[in-house]
Every structure is written in structure tokens, then in C-alpha cells.
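Here is what each chain is made of, one letter per residue.
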Amino acid sequence: MSEFTYEFPDSQAFMYTLWQYLKEMKQEEIASLLSNADCHWSSSSSYSSRRWNEYFASIVIYVPIKQISKFTPEIKEELLKAIDLIFPKQAGYYICELDISPFF
């Protein structure tokens, strides 16, 4: 029996929580980039090396096209750290990749 649910959180609720966390951590610049953003999760069939039976996964954050150039490698790294901190551990995924894409 697995200790994980293997279910991703609701994307809107997760993005709101991420936005709140960044504001609370005084990272208003990054939080402002997430205004009107949405996300999509995808999982890998590979296990992470962090925890037993935990899969690698990725997240794509969809933002208005004018915001994309503002997501520097440093900002994406900070976002990935924040995502790792607030992502539910019981889900059974390690978010190892972050992509930024425009809304279509």
C-alpha cells in the first residue's frame, strides 16, 4: 500500500496558494508575475531519488504573453523552490521541471 495519493492539487487553488506564499515571503515581484496565471501538471514514469515510490513531475505555468520575458532563469529557480515547499508531499510527486508558456 502506498502512502501517496498520486493526485495533483487543483490548479487554481494551487496557483492562489503559491501567489499567497510568495507575497508572504516578500517576493511581490514574482507574485505579481502570476496574476491571471494558470498551471498544468504532468507526471513522468520515472521515480525520483528523494523518496520511495515518488515520481518526477513537471509544471507548466500559463501566463499572458507580455509576462513571459520577465521569467528569468533566476525567477524560475525561485518559483521552483517555492513550489517544492508548498506542493502537497502526500501527492507522491517531486516537481523537478518548470516551464512558462503563454495563454492560447
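Residues numbered from 1 in each chain as written. Predicted model: local features only at pLDDT ≥ 70, side-chain atom pairs only at ≥ 80, totals over all residues. Heavy atoms only, no water.

**Here's the deal with the environment of L79**
Relative to the helices and strands, L79 resides in helix α3 (residues 73–86). For L79, a relative accessible area of 0% gives the class buried. Put simply, L79 and L98 are 19 residues apart on the chain and 8.3 Å apart in space, counted from C-alpha to C-alpha. Beyond its immediate stretch of four places on either side in the chain, L79 contacts L18, L22, I30, L34, I61, F71 and L98. (Helix = DSSP H or I, 4+ residues; strand = E, 2+ residues; numbered from the N terminus. Buried < 20%, exposed > 50% of the residue type's maximum accessible area, 1.4 Å probe, protein only. Contact = heavy atoms within 4.5 Å.)

**A few points about unusual backbone geometry**
Phi is positive for Y6, close to 55°, though the residue is something other than glycine. Relative to the helices and strands, Y6 resides in the segment before α1 (11–24). The backbone phi angle of K26 is positive, close to 65°, even though this residue is not glycine. Here K26 shows up in the loop between α1 and α2 (28–33).

**Some words on the sheet that holds strand β3 (residues 93–102)**
Across the sheet, which stays open at both edges, the three strands sit in the order β1-β2-β3 with mixed pairing between neighbours. The sheet terminates laterally at β1 (38–47) and β3, the two strands that pair on one side only. The sheet shows a mean angle of 20° between the axes of neighbouring strands, taken without regard to direction. Bridge count for β1 against strand β2 (residues 55–63) is seven bridges, and the pairing is antiparallel. Within β2, the residue paired with S43 across the bridge is A57. Here α1 sits on the sheet in contact with β1 and β2, set at roughly 100° to β1. Of the strands in this sheet, β2 and β3 touch α3, which is tilted by about 135° from β3. (Pairing = 2+ DSSP bridges. Axes fitted to C-alpha atoms, helices over the stretch in contact; angles between N-to-C directions.)

**As for the pairing of β3**
The sheet contact formed by β2 and β3 spans nine bridges and is parallel. Bridge pairing links S58 to E97 in β3. What joins β2 to β3 is α3, and the crossover it makes is right-handed. (Right-handed = clockwise from strand over helix to strand, strands pointing away.)

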